[in-house]
Amino acid sequence: MAASNVSWSSRTTFIFAAIGSAVGLGNIWKFPYEAGEGGGGAFVLIYILFVFAIGVPVMIAELMLGRRGQHSPPKSMEIVAREEGRSQLWQVIGWSGVIGAFFVLSFYSVIAGWTLFYVYQAATGALNDITAIGSGAMFNALLSSPVLMTIMHGLFMAITVFVVGRGVKGGLEVAVTWLMPVLFVLLIVLVIFSLQTGDAGEAISFLFSPDFSKLTANTILQALGQAFFSLSVGLGAMLAYGSYVPKDVSLPRSAVIIASADTGVAILSGLAIFPIVFAFGLQVGSGPGLIFETLPVAFAQMPFGSVFGAAFFILLSIAALTSSISLLEPMVAWLEEHKGIARAKSAVVGGGLCFLVGILTVFSFSNGPAVTVLGKTPFDHIDFLTNNWVMPLGGLLIAVFAGWLMARKTTVEEVDRSEGAIYRVWHFMVRYLCPVALSLIFLQFAFKVF
Ligand code: TRP
C-alpha cells in the first residue's frame, strides 16, 4: 500500500525517479533512429511539440489519478472511479497498464541485456581496435546465441527485481539519486567528445534544420507515439509513481521538468550519436544495429575510444535500469496489494514471469533458432500491440476520464488550486486536444486511414 511510510522522501527524489523512468532506451537508442528515419529536423520539431502539447497534459492526468488513488494502478482507478461516481470499468486503465508494462518490460529487458553484453565487451577490451567486420561479427555472435542473450536478459531482470524488491526508499531512491547525476555527466562528456571528434556541423544541421517536405502523416503519428513511449505515459507507470507523490508537489511543474529533462536527453543523445554517424559514414536509419553494431567501430577509431565506448554502454544500461524499474513497479504494487505478497517476493514473482515471457523475444532476435507466429516474431507482436494499441488507448482513456468524467473540483484540487491559467490550459488540452490527437494515432494504427 502506498501509505505515508512509502512516500518519496522529497519532491526532488520523485522528480529524479520520474526522469529516470522517462529516460531510457527510448531516448538513447530509439529516438536517434526514428529521427533518422523521419528526416531529422522536422521530426525532431514535431516530436518536441507532441511532448509538450500532448505528453505533458496526459502525464499530469496520469500522476493525478495515481496520487488521488494512492494505490496500484488498477486499485487507484477503482477508488477514483468510485469517488467520482463513475463505472468500475474504468479500472481498465489500470489493468491495461499493468499488463502492457509487463509485456514492454519483457522485451525491454532483452535489449537492455544486449547493452550489458557490450558493457562487458568494453570492459574486457574486446572493443579496442575493432573493425566494421569484427563489430558485425560480434553483434551476430550475440544474436546467434540464445543462451547468451537469455543470460544477459536474466541478469538485467535480476538487477531490476533487486532494486524494485527493496522498495521505494531502499531501492528506487538510492538508484535514482546516485545514478541519474552520473548519467547526465557521462552524457555531457560524451557529447563534448563527439562534437570534437565527429562531424558536428552535419549532425547539428541534420537535427535542427527542419525539412518539412520529408514529413508524412505517418511520420507525424510516429513522432506522437515516440513522445508517449519516451515520456513513459499511457501504461500506468506514472499512475504507480503518482501514488507516491506528496500532496504539496505541483504536478504541472513536475511534468514540465520531467518532459524537459527527457527531451534534453534525447537531443543530447542525438548530439552524441550523429556526429559519429556522419564522420564515419554510418547509416542514419540502421535500427537496432546502429548502436550495437556500428558505434564500437567509431569508438575504436577515436582517441580515448575505449573509455568513450565503455562510458556509452554503461550510460545506456543505467538509463535502461531506471526505466525498467518503472515498468515492473505497477505489477509489483498490484501483487503486493491484492495478494498480500511482500514487496520483495512480488518483485521476484513478477520479474520471474516477465523473464520467462522475455525468452520469446530472445527467440525473436535469434538468428539461430527463431520463432514466428502468424508470420511475425513474438517480439513484433508484443511491440505492435503495446505501442500501437495499448499505449494510445491508455492515453486516450486517461485524457477522457480526467477531462470529461472527473469533477472540476477534484481536478482543480490536484492540478492547480488557484484554478488559474495553468489549470485552464491543462483542462482544455486534456478535454479536446489530447483526445482528438490520440484518436488520430489510434485510427491510423487500427485502420491505416491516412
Ligand atoms: N520511457 C522509457 C524509455 O524511453 C521506457 C518506459 C519506461 C516506458 N516506463 C514506461 C514506456 C512506461 C511506456 C510506459 O526508454
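Residues numbered from 1 in each chain as written. Predicted model: local features only at pLDDT ≥ 70, side-chain atom pairs only at ≥ 80, totals over all residues. Heavy atoms only, no water.

> Quick question: what am I supposed to make of the site of the ligand here?
The ligand sits among 16 residues. The nearest are Ala22, Gly26, Tyr108, Phe229 and Ser232. At 3.1 Å, a backbone N or O of Leu25 approaches an oxygen atom of the ligand. Separating a nitrogen atom of the ligand from a side-chain N or O atom of Ser232 is a distance of 2.9 Å. Bound to the protein, the ligand loses 100% of the 360 Å² it would expose on its own. Using a 2 Å cut-off from the grid points, one finds that the ligand occupies the largest cavity. Contributions of two or more residues to the shell around the ligand are made by helix 1 (11-22), helix 2 (25-37), helix 10 (217-231) and helix 14 (305-338). Partitioned by chemical class, the residues of the shell around the ligand number eight nonpolar, eight polar and no charged. (Near = heavy atom within 4 Å. Polar contact = N/O pair within 3.5 Å; in protein donor to acceptor, adjacent residues only side chain to side chain. Areas by Shrake-Rupley, 256 points an atom, 1.4 Å probe, with all protein chains shown as cover. 1 Å grid on protein atoms, 1.4 Å probe; cavity = no way out; pocket = protein on both sides within 12 Å on 5 of 7 lines; lining within 4 Å. Sits in = over half its atoms within 2 Å of the grid points. Helix = DSSP H or I, 4+ residues; strand = E, 2+ residues; numbered from the N terminus. Nonpolar A, V, L, I, M, F, W, Y, C, P; charged D, E, K, R; others polar.)

> I would appreciate a short explanation of the nonpolar core in the present structure.
Soluble, globular proteins show a tendency: their nonpolar side chains are buried together. Trp114, Phe292, Phe312 and Phe401 are the most contacted members of the largest nonpolar core, which totals 151 residues. Each residue touching Phe312, except ones within four places of it in the same chain, is listed here: Ile28, Leu190, Ile273, Ile291, Leu295 and Phe299. (Core = buried A, V, L, I, M, F, W, Y, C linked by side-chain atoms within 4.5 Å. Buried < 20%, exposed > 50% of the residue type's maximum accessible area, 1.4 Å probe, protein only. Contact = heavy atoms within 4.5 Å.)

> I tried to follow the pattern of salt bridges on my own but got confused; where do I start?
When the charged atoms of two side chains lie near each other, side chains of opposite charge can form a pair. For the coordinates displayed, the defined rule picks out 10 salt bridges. The closest approach of N and O atoms between Glu413 and Arg68, which form a salt bridge, is 3.1 Å. With Glu413 in helix 17 (residues 408-415) and Arg68 in helix 3 (residues 41-69), the pair connects residues that are 345 residues apart, well separated along the chain. On the accessibility criterion, Glu413 (32% relative accessible area) is partly exposed. Classification of Arg68 by relative accessible area gives buried; the value is 18%. Measuring nitrogen to oxygen at the nearest pair gives 3.6 Å for the salt bridge that ties Arg343 to Glu336. Salt bridges sharing partners connect three or more residues here, namely Arg67, Arg68, Glu83, Lys247, Glu413 and Glu414. (Salt bridge = Lys/Arg side-chain N within 4 Å of Asp/Glu carboxyl O.)

> Teacher, can you tell me more about the packing of aromatic side chains here?
Given two aromatic rings, their pairing is described by the distance between the two centres and the angle made by the two planes. Scanning the entire structure with this criterion turns up 22 aromatic pairs. Between Phe292 and Phe313, the aromatic rings sit 6.3 Å apart at their centres with planes inclined by 20°, giving stacked as the arrangement. Linking Phe292 in helix 13 (residues 289-301) with Phe313 in helix 14, this pair joins segments that are 21 residues apart in sequence. Judged by its relative accessible area of 0%, Phe292 falls in the buried class. Centroid distance Phe365 to Phe379: 4.8 Å. Interplanar angle 45°. Geometry classified as tilted. With Phe365 in helix 15 (residues 343-365) and Phe379 in helix 16 (residues 378-405), this pair connects stretches of sequence that are 14 residues apart. (Phe/Tyr/Trp six-rings, centres within 6.5 Å; stacked < 30°, edge-to-face > 60°.)

> Would you explain the packing of helix 3 against helix 17 in this entry?
Think of two packed helices as two axes; the pair is described by the angle between the axes and how far apart they sit. Relative orientation of the contacting elements helix 3 and helix 17 amounts to 100°, with a least axis distance of 10 Å. Here helix 3 lies roughly perpendicular to helix 17, going by the angle between them. On helix 17, the residues touching Ile60, Met64, Arg67 and Arg68 of helix 3 are Thr410, Thr411, Glu413, Glu414 and Val415. Among the residues forming the contact of helix 3 with helix 17, the class breakdown is three nonpolar, two polar and four charged. (Axes fitted to C-alpha atoms, helices over the stretch in contact; angles between N-to-C directions. Parallel < 35°, antiparallel > 145°, perpendicular 65-115°, else oblique.)

Read these as spatial facts, not as claims about activity.
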